[in-house]
Amino acid sequence: MNETICALATAPGGALGIIRISGAQSLEILSRIFSKDLTNAKANTIHYGHIVATVPAGSATTPAGFPAGPIDEVLVSVFRAPHSYTGEDSAEISCHGSRYILNKVLELLTANGCRMANPGEYTMRAYLNSKLDLSQAEAVADLIASSNQATHHLAMSQLRGGISTELSLLREQLLKLTSLLELELDFSDHEDLEFADRTELMALANKIDKHITQLSQSFELGQAIKQGIPVAIVGKTNVGKSTLLNRLLHEDRAIVSDIHGTTRDTVEDTIDLQGVTFRFIDTAGIRQTTDQVEQIGIERTYAAIDKARIVIWMVDVEPSQEELNKILILTENKKLIIVRNKIDKTKNSPFTLVKIPLIEISAKHNQHIDQLEQAIYQAADIPTLSDTDIIVTNARHHDALVRAQGHLQRVLDGLNNQVSGDLLSEDLRHTLDTLSEITGGQITPNEVLGNIFKNFCVGK
Ligand SMILES: Nc1nc2c(ncn2[C@@H]2O[C@H](COP(=O)(O)OP(=O)(O)OP(=O)(O)O)[C@@H](O)[C@H]2O)c(=O)[nH]1
Ligand SMILES: [Mg+2]
């Protein structure tokens, strides 16, 4: 933390490149290679000038024989502690985006006392200087990685402290529970006094438990939103599954033919629908087969159903009652969309057995695909993603929530079995400590910090 660090903060190849410096010596070091003295520069000011190579005294040329001159014409933004991203004195140099210039400036900075930053080191310093809590620091990485409206929204809400607020609410309730229990302990000798009876404690504990469960269950959706909501396209051979995949992706991704059993392995790709990423998985058609390779493909189809959140079951003729029952059993716990394909050929033979809503399309002739896309989006059941919806997207947070739930379960069991208050407060404290790991309220071990920040880009 005592060292002054520098790094390129932008991706190479642009018209401009930004080099970031942070640490107590930032302005002193920078002044050694800048055409103006910035050691007394005010906070939040921008300075125009040149980066100049310091040439050894007495020589008028660089070692390569070129005359010494400015490296680049730049703008320097100055930030002062504690009102900067890291909470330290810092500066950003906007250079021209040439790889040569940027490397040269970094070289000059390190020659004059800066150290190259590690991945995520700026954000880590921001956390250590209490500019952000740990969950917010993690949101910075998610924000940089966000690729659509949904992932951007989730990262933004976490960065603005969404989960932190939710956790401080839980913390308040847990502290209330603790104090009620302690009241019970303090006055347990006074038989004539009435305190919060255990049903009240139980109600409060249940409420907290429900809240934590809700948060930890949102992780499945959070993961799906981050990685693309998995949608399996399943059905008998030759019904048009691969044709539909290609239609949805707007490209010829999977082989289509009128030979039964064309697709033998799963084929998958993602597209965005209304700002949410969906991952479509085309599968091998289900049929009885003696072909070993095809059989393996069909087993993968069942595995794909298992992993999917939404299953598009495609048919081209009406399934029998028996088939229909099988479909319903296989897709239990999934959102099921039954799609009838090839209506361009078979429109005048309406289905009678299928009672659940059915979407009729022609994948080949692009009929009602927009209607199907709408149904897929609805089946994903994405909450409106308003500011109040907290969706957990981070595996570390999920893990802490599950462990906190374990501790709270012991409290609930204890309350049920008349376990003494002091044992209960112990488990309550574990619940609190585990929850505060998420925002890093307790002292967070270095190893954990290292793991969090190593996945950041250098320069953030
Ligand atoms: N008329 C008509 N033919 C279609 C339609 N959709 C697909 N087909 C045809 O049906 C045949 C099978 O299409 P595929 O997309 O390969 O079917 P599949 O379900 O992936 O088949 P398998 O991979 O063998 O399981 C091809 O000849 C397609 O051109 C449609 O909407 N209308
Ligand atoms: Mg196919």
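The following refers to the structure shown. Just so we're clear, the structure is a prediction, and the values are computed from it rather than from any experiment.

## With respect to the overall build of the protein
Counting secondary structure elements, the protein contains 15 helices and twelve strands. In terms of overall size, the protein is more extended than a compact globule, its C-alpha atoms giving a radius of gyration of 30 Å where 460 residues would be expected to give roughly 23 Å. Here the C-alpha coordinates of the protein stretch approximately 95 × 85 × 40 Å along the principal axes. Across the 460 residues in the protein, those meeting the buried criterion constitute 46%. Sequence-distant contacts in the protein: of pairs separated by 6 or more residues, those separated by 24 or more amount to 65%. Total accessible area computed for the protein in this model is approximately 23600 Å², and 52% of it derives from carbon and sulfur atoms. Computed over 42 positive and 58 negative side-chain charges, the inter-centroid distance for the protein is 8 Å.

## Observations regarding the coordination of the magnesium ion (ligand 2)
On the protein side, the magnesium ion (ligand 2) has Ser242 (OG) and Thr263 (OG1) as donor atoms, found 2.0 Å from it. In this pair, Ser242 sits in helix 8 (residues 241-249) while Thr263 sits in the loop between helix 8 and strand 8 (267-273), placing the two residues 21 residues apart along the sequence. The exposure class of Ser242 is buried, given its relative accessible area of 8%.

## Side note on empty space enclosed by the protein
A complete count under the given rule lists one cavity of 30 Å³ or more for this structure. Estimates place the volume of the largest cavity at around 60 Å³. Lining the largest cavity are Leu154, Ser157, Gln158, Ile163, Ile390, Ile391 and Thr393. With three residues, helix 5 (residues 149-159) is the largest single contributor of residues to the lining of the largest cavity. A class-by-class count of the residues in the lining of the largest cavity yields four nonpolar, three polar and no charged.

## A short note on the sheet that holds strand 6 (residues 115-116)
Pairing is mixed across the open sheet formed by six strands, whose spatial order is 3-4-5-2-1-6. The open sheet is flanked by strand 3 (45-52) and strand 6, the only strands paired with a single partner. With four bridges joining them, strand 1 (residues 5-8) and strand 2 (residues 16-22) adopt antiparallel strand pairing. If you follow Ile5 over to strand 2, its bridge partner there is Ser22. Taken strand by strand, helix 1 (residues 26-33) contacts strand 2, strand 3, strand 4 (70-79) and strand 5 (90-96), and its axis lies near 30° from that of strand 5.

## Here we look at the pairing of strand 5
Summarising the sheet, strand 2 and strand 5 pair through seven bridges and their orientation is antiparallel. Of the residues in strand 5, the one forming a bridge with Leu16 is His96. Two elements, strand 4 and strand 5, share five bridges in a ladder whose sense is antiparallel. Bridge pairing in strand 5 places Val78 opposite Ala91.

## Focus on the site of ligand 1
With respect to spatial proximity, 23 residues lie near ligand 1, and among them Lys241, Thr243, Gly261, Thr263 and Asp344 are the closest. Thr263 has a polar side-chain atom sitting 2.8 Å from an oxygen atom of ligand 1. In this structure, Lys342 approaches ligand 1 through a side-chain N or O atom, which is 3.1 Å from an oxygen atom. In isolation ligand 1 offers 650 Å² of accessible surface; the protein chains occlude 92% of this area. The element contributing the most residues to the shell around ligand 1 is helix 8, with three residues.

## Topic: the environment of Ile298
Looking at the secondary structure, you find Ile298 in helix 9 (residues 292-307). Overall, the relative accessible area of 3% leaves Ile298 in the buried class. The spatial distance from the C-alpha of Ile298 to the C-alpha of Pro357 is 26 Å, given a sequence separation of 59 residues. Sequence-distant contacts of Ile298, defined by excluding residues within four places in its chain, comprise Ala284, Gly285, Ile286, Arg287 and Thr289.

## Describing helix 3 (residues 121-128)
With respect to burial, helix 3 is a largely interior element, six of its eight residues being buried. For helix 3, the complete set of buried residues consists of Glu121, Tyr122, Thr123, Arg125, Ala126 and Tyr127. Packing partners of the buried residues in helix 3 comprise strand 1, strand 2, strand 6, helix 4 (134-145), helix 14 (421-439) and helix 15 (446-453). Phi turns positive one or two residues past the end of helix 3, at Ser130, with a value near 60°.

Conventions we followed
- Residues numbered from 1 in each chain as written.
- Chains lettered and ligands numbered in written order.
- Predicted model: local features only at pLDDT ≥ 70, side-chain atom pairs only at ≥ 80, totals over all residues.
- Heavy atoms only, no water.
- Helix = DSSP H or I, 4+ residues; strand = E, 2+ residues; numbered from the N terminus.
- Rg over C-alpha atoms; globule rule 2.2 N^0.38 Å.
- Buried < 20%, exposed > 50% of the residue type's maximum accessible area, 1.4 Å probe, protein only.
- Contact = heavy atoms within 4.5 Å.
- Areas by Shrake-Rupley, 256 points an atom, 1.4 Å probe, with all protein chains shown as cover.
- Lys, Arg positive; Asp, Glu negative; His and termini not counted.
- Charge placed at Lys NZ, Arg CZ, Asp CG, Glu CD.
- Donors = N, O, S within 2.8 Å, 3.2 Å for Na, K, Ca; no water.
- 1 Å grid on protein atoms, 1.4 Å probe; cavity = no way out; pocket = protein on both sides within 12 Å on 5 of 7 lines; lining within 4 Å.
- Points joined across faces, edges and corners; volume = space filled by probe spheres on them.
- Nonpolar A, V, L, I, M, F, W, Y, C, P; charged D, E, K, R; others polar.
- Pairing = 2+ DSSP bridges.
- Axes fitted to C-alpha atoms, helices over the stretch in contact; angles between N-to-C directions.
- Near = heavy atom within 4 Å.
- Polar contact = N/O pair within 3.5 Å; in protein donor to acceptor, adjacent residues only side chain to side chain.

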